[in-house]
Amino acid sequence: MAETRFKIYRGEKAKGQLCEYHVEVTEGMVVLDAINLIQARHANDLAVRWNCKAGKCGSCSAEVNGKPRLMCMTRMDELPLDEPVQIEPMRYFPHMRDLVSDVSRNYEINKRIKPLTPKPRESDGTYRMQQKDIERIQEFHKCIECFLCQNVCHVLRDQGIQEFSGPRFLIRIASLVMHPLDKLNRLKELKNIFGIGYCNVTKCCTEVCPEHIGITDNGIIPLKERVTGDFYDPLAWIWRSLTSFSK
Ligand code: SF4
Ligand code: F3S
Ligand code: FES
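Asks: Sorry, what's going on with the overall build of the protein here?
Replies: Looking only at helices and strands, the protein features 10 helices and seven strands. Overall, the protein is about 75 × 40 × 25 Å in size when its C-alpha atoms are taken along their principal axes. By the burial criterion, 44% of the 247 residues in the protein qualify as buried. Look at the contacts in the protein between residues 6 or more apart in sequence, and 62% of them connect residues 24 or more apart.

Spelled out as structure tokens, the structure:
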């Protein structure tokens, strides 16, 4: 392949600009290879975060030609090369330097989720679970915490609603709510702390997930149905009022 032009965002704390670099792109290269080449040859101080180069650590998330992608899983031959390839940091998160953003808010939200709280063992000392219940939550455990879904969700990105935890955390909670052994009722927290009501199922999160997790259809919508059933179904409401009155 010929020499390719790149425009890479450089600067600190959102005060920067796109800088142009040229490198030779060869067969089989991914965007992260080109970034590493640019760093080695032209910009030793270019800040970029990556670890595995195998789509598994979730650290190389960026916006490639305006689309949220993992740089290590975006092949150069998928991109139009007649124009410069534009690489920018994820837009939703506070900018740190060059291609690196501060994703620490995610870890703060994660800490608020209560861990799996298993019900007591059966009388023979075992736990019993249906295979279909385990298979149902398996896909949620594939999350690599790339935070691309958090980056594109318009409730966070455009409306900036801080009360909304975001899709990554709703599927983590889904993996616990649907876990056959978990004994906690997490629906009140889902509504009041994690803000599930703010999601209006636009599915942008699902579209960008590199693990192809059914974030909206398999995670968020079933959770919304449970919350609606518990809090807005008149019969459930009457039952809850009666049982709380008798306590
Ligand atoms: Fe990334 Fe998908 Fe996990 Fe969101 S759900 S953080 S897009 S792997
Ligand atoms: Fe946001 Fe995904 Fe809901 S993009 S609005 S969390 S369906
Ligand atoms: Fe690990 Fe890209 S470097 S996912």
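Once you've had a look at it, read on.
Asks: Can you help me understand the site of ligand 2 in this one?
Replies: What surrounds ligand 2 is a group of 14 residues, the closest being Cys 153, Cys 199, Val 201, Lys 203 and Cys 205. For the shell around ligand 2, the elements supplying multiple residues, two or more each, are helix 5 (154-157), helix 8 (204-208) and helix 9 (215-231). Classifying every residue of the shell around ligand 2 gives nine nonpolar, four polar and one charged.

Asks: Sorry if this is basic, but what is going on with the packing of helix 6 (residues 167-177) against helix 9 here?
Replies: How two helices pack is summed up by the angle between their axes together with the distance between the axes. Orientation of helix 6 relative to helix 9, taken along the N-to-C sense of each, is 65°, at an axis distance of 9 Å. What the angle tells us is that helix 6 and helix 9 run roughly perpendicular. The hand of the helix 6/helix 9 crossing is left-handed. Contact with helix 6, carried on its side by Pro 167, Leu 170, Ile 171, Ala 174 and Val 177, involves Ile 215, Gly 219, Ile 220, Leu 223 and Arg 226 of helix 9 and no other residues of that element. When the residues that make up the contact of helix 6 with helix 9 are grouped by side-chain class, the tally is eight nonpolar, one polar and one charged.

Asks: How should I be thinking about the packing of aromatic side chains in this particular structure?
Replies: The geometry of an aromatic ring pair is captured by two quantities: the separation of the ring centres and the angle between the planes. Counting across every chain of the model gives four aromatic pairs. Considering the side-chain rings of Tyr 107 and Phe 147, the 5.8 Å spacing of their centres and the 75° angle between planes classify their relative orientation as edge-to-face. Taken together, the positions of Tyr 107 in helix 2 (residues 104-111) and Phe 147 in the loop between helix 3 (131-138) and helix 4 (148-152) put the pair 40 residues apart, joining distant regions of the chain. Using a relative accessible area of 41% as the deciding quantity, one classes Tyr 107 as partly exposed. Cluster of aromatic residues (ring-pair linked, three or more members): Tyr 92, Phe 93, Tyr 107, Phe 147 and Phe 169.

Asks: Looking at this model, I keep getting lost on the site of ligand 1. Mind explaining?
Replies: Ligand 1 sits among Cys 143, Ile 144, Glu 145, Cys 146, Phe 147, Cys 149, Arg 168, Ile 171, Cys 209, Pro 210, Ile 213 and Ile 215. Across the shell around ligand 1, the residue classes tally to 10 nonpolar, no polar and two charged.

Asks: What exactly am I supposed to notice about the nonpolar core here?
Replies: Generally speaking, soluble globular proteins have nonpolar side chains that are buried together. Counting residues in hydrophobic clusters, the biggest one holds 67 residues, and the most contacted among them are Phe 6, Ile 8, Ile 35, Met 71, Met 76, Ile 87 and Leu 190. Looking at this core, the element that brings in the most residues is helix 6, giving seven residues. Not counting the four nearest positions on each side in its chain, Ile 8 is found in contact with Gln 17, Leu 18, Cys 19, Tyr 21, Ile 35, Ile 38, Leu 46, Ile 87 and Leu 99.

Asks: It is not clear to me how the pairing of strand 5 (residues 85-88) should be interpreted in this structure. Could you clarify?
Replies: A regular strand places its side chains so that they alternate between the two faces of the sheet. In this sheet, strand 5 lies alongside strand 1 (residues 3-12) in parallel orientation, the contact comprising three bridges. When the sheet's bridge partners are listed, Ile 8 is paired in strand 5 with Ile 87.

Asks: I'm lost on the pattern of salt bridges in this one. Help?
Replies: Oppositely charged side chains can pair when the atoms bearing their charge come close. Considering all chains together, one arrives at 18 salt bridges under this definition. Residues Asp 45 and Arg 97 are paired through a salt bridge, measuring 4.0 Å at the closest nitrogen-oxygen approach. Of this pair, Asp 45 sits in the loop between helix 1 (31-41) and strand 3 (61-64) while Arg 97 sits in strand 6 (residues 95-97); the two residues are 52 residues apart in sequence, bridging distant segments of the chain. Asp 45 sits in the partly exposed class, given a relative accessible area of 46%. For Arg 97, a relative accessible area of 31% corresponds to the partly exposed category. Here Glu 145 and Arg 168 are joined by a salt bridge, their closest N and O atoms 3.0 Å apart. Of this pair, Glu 145 sits in the loop between helix 3 and helix 4 while Arg 168 sits in helix 6, and the two are 23 residues apart along the sequence. Glu 145 sits in the partly exposed class, given a relative accessible area of 25%.

Asks: Where do I start with helix 9 in this structure?
Replies: Along an α-helix, residues three or four apart share an orientation, since each turn contains 3.6 residues. Across its 17 residues, helix 9 extends 23 Å between first and last C-alpha, which sits within 8% of the 24 Å expected from 1.5 Å per residue. Taken together, the buried positions of helix 9 are occupied by Ile 215, Thr 216, Gly 219, Ile 220, Pro 222, Leu 223, Val 227 and Phe 231.

Asks: Is there a simple way to explain the environment of Thr 74 in this structure?
Replies: Residue position: Thr 74 is located in the loop between strand 4 (67-70) and strand 5. Taking relative accessible area as the criterion, Thr 74 reaches 1% and is therefore assigned buried. When the C-alpha atoms of Thr 74 and Glu 20 are compared, they prove to be 20 Å apart, with 54 residues separating the residues in sequence. Setting aside its immediate chain neighbours within four residues, Thr 74 contacts Val 30, Val 31, Arg 69 and Leu 79. Only 2.7 Å separates the side chain of Thr 74 from the backbone oxygen of Leu 70, close enough to count as a polar contact.

Analysis parameters
- Sequence order as written defines residue numbering, which begins from 1 separately in each chain.
- To label them, take the chains in the order written and letter them from A, then take the ligands in the order written and number them from 1.
- Per-residue local features of the predicted model are confined to residues with pLDDT of at least 70, and side-chain atom pairs are confined, for both listing and counting, to 80 or more; whole-chain, interface and lining totals are unaffected and use all residues.
- As a convention, hydrogens and water are excluded, and side-chain values are obtained from all of the structure's heavy atoms.
- Each helix corresponds to a stretch of at least 4 residues labelled H or I by DSSP, and each strand to a stretch of at least 2 residues labelled E; elements are numbered beginning at the N terminus.
- Only protein chains enter the area calculation, which uses a 1.4 Å probe; residues under 20% of their type maximum are buried, those over 50% are exposed, and those in between are partly exposed.
- Any two residues whose heavy atoms approach within 4.5 Å are treated as being in contact.
- The nearness test applies per residue and asks whether one of its heavy atoms lies within 4 Å of the molecule or strand.
- Residues were grouped as follows: Ala, Val, Leu, Ile, Met, Phe, Trp, Tyr, Cys and Pro as nonpolar; Asp, Glu, Lys and Arg as charged; and all remaining residues, including Gly, as polar.
- To obtain an axis, a line is fitted to C-alpha atoms, over the contacting stretch when the element is a helix, and the angle between two such axes runs from 0 to 180 degrees between their N-to-C directions.
- Here the word oblique covers every angle except those under 35 degrees (roughly parallel), over 145 (roughly antiparallel) and from 65 to 115 (roughly perpendicular).
- When the near helix sits turned anticlockwise from the far one by under a right angle, the crossing is termed left-handed; a clockwise turn instead gives a right-handed crossing.
- In this analysis, rings of Phe, Tyr and Trp, with Trp reduced to its six-membered ring, are considered paired at centre separations within 6.5 Å, and the interplanar angle assigns stacked below 30 degrees, edge-to-face beyond 60, and tilted for intermediate values.
- Definition of nonpolar core: a set of buried residues of the types Ala, Val, Leu, Ile, Met, Phe, Trp, Tyr and Cys, connected through side-chain atoms within 4.5 Å.
- Any two strands between which DSSP finds at least two bridges are classified as paired.
- Any carboxyl oxygen of Asp or Glu within 4 Å of a side-chain nitrogen of Lys or Arg constitutes a salt bridge here.
- Residue count minus one, scaled by 1.5 Å, sets the expected span of a helix.
- Distance and chemistry together define a polar contact, namely a pair of N or O atoms within 3.5 Å, with one atom able to donate a hydrogen and the other to accept it when in protein, and with adjacent residues in sequence counting only for side-chain atoms on both sides.

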